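Geometric and topological summary
For reference, the chains in residue letters:
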Amino acid sequence: MAAQQTLHAVNGIDIETLQGTISAIKNDPGLAKCRFHVHNKWIDGNHNRTTITSFYGAKEEQPHKHPFEIDCDEPAILAGEDGGANPVEHLLNSLAGCLTTSMVAHAAVRDIHIQELESQVEGDIDLRGFLGLAEDVPKGYTNIRVKFKVKADVENMERLKRLAEYSPTFNTLIAGTKVDVSVEPK
């Protein structure tokens, strides 16, 4: 069976579906409450694997079409086997993906057409903090830079920058969030 053609798409976003979701949430704000969850399992050394099968949204568990597996490891210089991007690289990937998705989707509902979009994301970490070698050095990123190159009408560049700021990942990073960690016997 051929894929159903979208009647009205902007930036590859099905506007009818997105507007339907927005309308449904306006009518029932409880539909907006989501809980995303992953399962991670240590493999060996610095190698671990995260599996993502579903998320909670629209008041029920929503299965993905298929499970996603994401491997994390460290490069050899940090005693890893380089079997996957390291966790801080995954964080940059998450930020890049979320900023891009936010920009493209919000532009679509505002009828701002984007022909091409790419980004370069880099962050600075001083490993002395992570390795416990210096108490006064942060354990994570101290600065992250994101540079977008966008092919769209020049007069929309500042609007596109503001639209990217709807990104949940961006907002979590700049505002911080409470993280509860528990450890219990298996």
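The rules behind the values
- Residues numbered from 1 in each chain as written.
- Predicted model: local features only at pLDDT ≥ 70, side-chain atom pairs only at ≥ 80, totals over all residues.
- Heavy atoms only, no water.
- Phe/Tyr/Trp six-rings, centres within 6.5 Å; stacked < 30°, edge-to-face > 60°.
- Helix = DSSP H or I, 4+ residues; strand = E, 2+ residues; numbered from the N terminus.
- Buried < 20%, exposed > 50% of the residue type's maximum accessible area, 1.4 Å probe, protein only.
- Core = buried A, V, L, I, M, F, W, Y, C linked by side-chain atoms within 4.5 Å.
- Contact = heavy atoms within 4.5 Å.
- Arc of directions from axis to C-beta.

A few words now on the packing of aromatic side chains. The relation between two aromatic rings is expressed through the spacing of the ring centres and the mutual angle of the planes. Under the counting rule described, the total for this entry stands at 1 aromatic pair. Between phenylalanine 36 and phenylalanine 55 the ring centres are 5.1 Å apart and the planes differ by 20°, which places this aromatic pair in the stacked class. With phenylalanine 36 in strand S3 (residues 35-36) and phenylalanine 55 in strand S5 (residues 47-57), the pair connects residues that are 19 residues apart, well separated along the chain. With a relative accessible area of 63%, phenylalanine 36 lands in the exposed category.

Attention now goes to the nonpolar core. By size, the foremost hydrophobic cluster in this structure holds 14 residues, and its most contacted members are Met103, Ala107, Ile112, Ile114, Val121, Leu160 and Leu163. Secondary-structure elements contributing two or more residues to this core are helix H2 (87-109), strand S7 (114-124) and helix H4 (157-164). Among the elements that make up this core, the one with the highest residue count is H2 (7 residues). Setting aside residues no more than four positions away along its own chain, isoleucine 112 makes contact with Val10, Asn11, Ala107, Asn156, Arg159, Leu160 and Leu163.

To continue, consider H4. Note that an α-helix has 3.6 residues per turn; residues three or four places apart therefore point the same way. Taken together, the buried positions of H4 are Leu160, Leu163 and Ala164. Buried positions in H4, seen along its axis, are confined to an arc of 100° and lie on one side of it. In this fold, the buried residues of H4 make contact with H2, S7 and strand S8 (143-152).

Note that all results are geometric; they support no functional claim without further evidence.
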